[in-house]
Amino acid sequence: METVVSGIRSTGNLHLGNYFGAIRNFIKMQHEHRCFFFIADLHALTTHPKADQFRQSVRNVLVEYLAAGLDPEVSTLYIQSDVPEISELYLLMNMVAYVGELERCTSFKEKIRKHPDNINAGLLTYPVLMAADIIIHKATKVPVGKDQEQHLEMARNFANRFNHLYEKDVFPEPYAYNFGNQLVKVPGLDGSGKMGKSEGEGNAIFLADSPEVIRKKVMRAVTDSGPTEPGQTKPESISNLFQLMNLVSSADTIAFFEERWNACDIRYGDMKKQLAEDMILFTHPLRERIADIQKDDDLLNRVIRQGAEKARESASKTLHEVRTVIGLNR
Ligand code: TRP
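Analysis parameters
- Residues numbered from 1 in each chain as written.
- Predicted model: local features only at pLDDT ≥ 70, side-chain atom pairs only at ≥ 80, totals over all residues.
- Heavy atoms only, no water.
- Salt bridge = Lys/Arg side-chain N within 4 Å of Asp/Glu carboxyl O.
- Helix = DSSP H or I, 4+ residues; strand = E, 2+ residues; numbered from the N terminus.
- Buried < 20%, exposed > 50% of the residue type's maximum accessible area, 1.4 Å probe, protein only.
- Near = heavy atom within 4 Å.
- Polar contact = N/O pair within 3.5 Å; in protein donor to acceptor, adjacent residues only side chain to side chain.
- Areas by Shrake-Rupley, 256 points an atom, 1.4 Å probe, with all protein chains shown as cover.
- Nonpolar A, V, L, I, M, F, W, Y, C, P; charged D, E, K, R; others polar.
- Contact = heavy atoms within 4.5 Å.
- Domains from an automatic or database assignment.
- Buried area = accessible area lost by both parts, 1.4 Å probe.
- Pairing = 2+ DSSP bridges.
- Right-handed = clockwise from strand over helix to strand, strands pointing away.
- Expected span 1.5 Å × (residues − 1).
- Bend = angle between axes of the 7 residues up to and from the residue.
- Core = buried A, V, L, I, M, F, W, Y, C linked by side-chain atoms within 4.5 Å.
- Axes fitted to C-alpha atoms, helices over the stretch in contact; angles between N-to-C directions.
- Parallel < 35°, antiparallel > 145°, perpendicular 65-115°, else oblique.
- Left-handed = near helix turned anticlockwise from the far one by under 90°.
- Phe/Tyr/Trp six-rings, centres within 6.5 Å; stacked < 30°, edge-to-face > 60°.
- Lys NZ or Arg CZ within 6 Å of the ring centre and 35° of its normal.

Further remarks concern the pattern of salt bridges. Tallying each qualifying case throughout the model produces 17 salt bridges. Where R161 meets E101, a salt bridge forms, and the shortest distance between an N and an O atom there is 2.6 Å. Of this pair, R161 sits in helix α9 (residues 149-166) while E101 is found in helix α5 (residues 99-103), placing the two residues 60 residues apart along the sequence. Residue E101 is classed as buried on the basis of its relative accessible area of 14%.

Position of D292 among the secondary structure elements: in helix α13 (residues 268-295). Given the relative accessible area of 47%, D292 is considered partly exposed.

Around the ligand, the structure places 13 residues, and the nearest of them are G7, R9, Y126, D133 and Q148. Residue R9 places a side-chain N or O atom 2.8 Å away from an oxygen atom belonging to the ligand. Separating a nitrogen atom of the ligand from a side-chain N or O atom of Q148 is a distance of 2.9 Å. Coverage of the ligand by the protein chains reaches 94% of its 360 Å² of free accessible surface. At the level of elements, β1 (3-9), β2 (34-40) and α8 (126-135) are the ones that each hand at least two residues to the shell around the ligand. Sorting elements by how many residues they give to the shell around the ligand places α8 first, with 4 residues. Residue composition of the shell around the ligand, by class: 7 nonpolar, 4 polar and 2 charged.

Quick look at the side chain of D209 now. Of note, D209 is situated in the loop between β5 (175-176) and α10 (211-219). Here the side chain of D209 touches F206 through a polar contact of 2.9 Å, landing on its backbone nitrogen. At a separation of 2.7 Å, a polar atom in the side chain of D209 contacts the side chain of K217. What D209 contacts, discounting residues up to four positions off in sequence, is A204, I214, K217 and R287.

Here we take up the domain arrangement of the protein chain. In terms of domains, the protein chain is made up of domain 1 (3-184 + 297-326) and domain 2 (197-291). For domain 1 versus domain 2, the separation of C-alpha centres amounts to 34 Å. Counting residues at the interface gives 11 residues for domain 1 and 12 residues for domain 2. Buried area between domain 1 and domain 2, summed over both chains or domains, comes out near 1100 Å², and the portion from carbon and sulfur atoms is 81%.

When you tally the buried positions in β1, you get 5 out of 7 residues, the bulk of the element. Sheet topology places β1 next to β2; 7 bridges connect them, and they run parallel. Within β2, the residue paired with I8 across the bridge is I39. Between the parallel elements β1 and β2, the chain passes through helix α1 (residues 16-29) in a crossover that is right-handed.

Relative to the 40 Å expected for 28 residues at 1.5 Å per residue, α13 spans 39 Å between its end C-alpha atoms, a close match to the ideal helical length. The largest bend in α13 comes to about 45°, at T283, with the proline P285 one to four residues further on.

Moving on: the nonpolar core. Within the largest apolar cluster, 58 residues are counted, with the highest numbers of intra-cluster contacts made by Y65, I205, V218, L244, L275 and M279. For this core, the domains that each give at least three residues are domain 1 (3-184 + 297-326) and domain 2 (197-291). Those residues within four positions of I205 in sequence are excluded, and the remaining contacts are H15, L16, L189, M195, I214, K217, V218 and M279.

Here helix α11 (residues 236-248) crosses helix α12 (residues 251-262) at 160°, and the two axes come no closer than 10 Å. Taken together, the axes of α11 and α12 are roughly antiparallel relative to one another. Where α11 crosses over α12, the handedness of that crossing is left-handed. Residue-level inspection shows I238, F242, M245 and N246 of α11 in contact with α12, the latter providing T253, I254, F257, E258 and W261. Residues belonging to the contact of α11 with α12 are distributed by class as follows: 6 nonpolar, 2 polar and 1 charged.

Bringing the packing of aromatic side chains into the picture now. Each aromatic ring pair is characterised by the separation of its centres together with the angle its planes make. On inspection of all chains with the given rule, the structure shows 10 aromatic pairs. Look at Y19 and F282: their rings are 5.9 Å apart centre to centre, the planes differ by 75°, and that puts the pair in the edge-to-face class. Of the two residues, Y19 sits in helix α1 while F282 sits in helix α13, which places them 263 residues apart along the sequence. For F282, a relative accessible area of 26% puts it in the partly exposed group. On the numbers, 6.3 Å between centres and 80° between planes, the contact of F242 with W261 is edge-to-face. Of the two residues, F242 sits in helix α11 while W261 sits in helix α12, which places them 19 residues apart along the sequence. Both residues of the pair, F242 and W261, belong to the buried class. Ring-pair connections join several aromatic residues into one group, and the members of that group are Y19, F20 and F282. Over the aromatic face of Y126 sits the side chain of K111, whose NZ or CZ is 5.3 Å from the ring centroid. Just above the ring of F242 sits the side chain of K234; from NZ or CZ to the centre is 4.4 Å.

What follows is the structure in structure tokens.
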């Protein structure tokens, strides 16, 4: 059994791409390892969100992860800012993070390019906070996508540098945990590749979308003018719909539309109608659970409180060790 930590972005609703990707892996991992999942609200402050909206979105994200099946009794589910030990470790780790390496970080350079008017020190030290998130629980596994590899490499550097400086093996090395080919591909509806890749209105189906919204989005999905030769291979423009169908529809339905495609008499309108109805059925229980949990303030408050308690128990042990090693404990 290893220790797993993953941070969840505190904004944005969950879509089917998240559901078949990260979330299903979290749910599986929680039974195999000692797991810590948290909502990275402190990281979000780099973009200066408005307080009311911010509070609401953190709560929403928590609701949706609970609805999707993260079990707060099995894993530790908490909000980053509820664990002050993380912030203290972040401060201490800043002393072994060099400005040069932080400035060379790809995600920082990207932020400078996109938001030249708000290049704050929180952005620069984002990787230090992320490292603190992970090493505070001495985690070795971090289930994240390719875009986070560099941050993890930096976390390993900071951890090793700390160990070296104080000549103590306090932190193990954390590594990105990729599920590789176990991951199913969930395409977006607007033909832009992965679901969630583009911010376009019609690209993603969210777990909380109403049936009407799902129908609208699916009917507007990008298609082509149809096959011209029997049995030809599907171009990207239409394989999207088939891939989505594979995730939510029955084997009979899939076989039916495959046959229609191969015989060149497929009607995309019919296929979309069927796909929309199957998506509505598939997401129905999730939508219900989201609505139920959303209303249950007692449950949410209990989850938040228990999560913070469990996370702080683990975090304070590490922080105590760190303070002792540095010479801060008298
Ligand atoms: N940087 C991650 C993202 O953008 C979120 C994150 C913050 C995280 N702290 C983390 C992920 C710690 C894994 C571990 O998705």
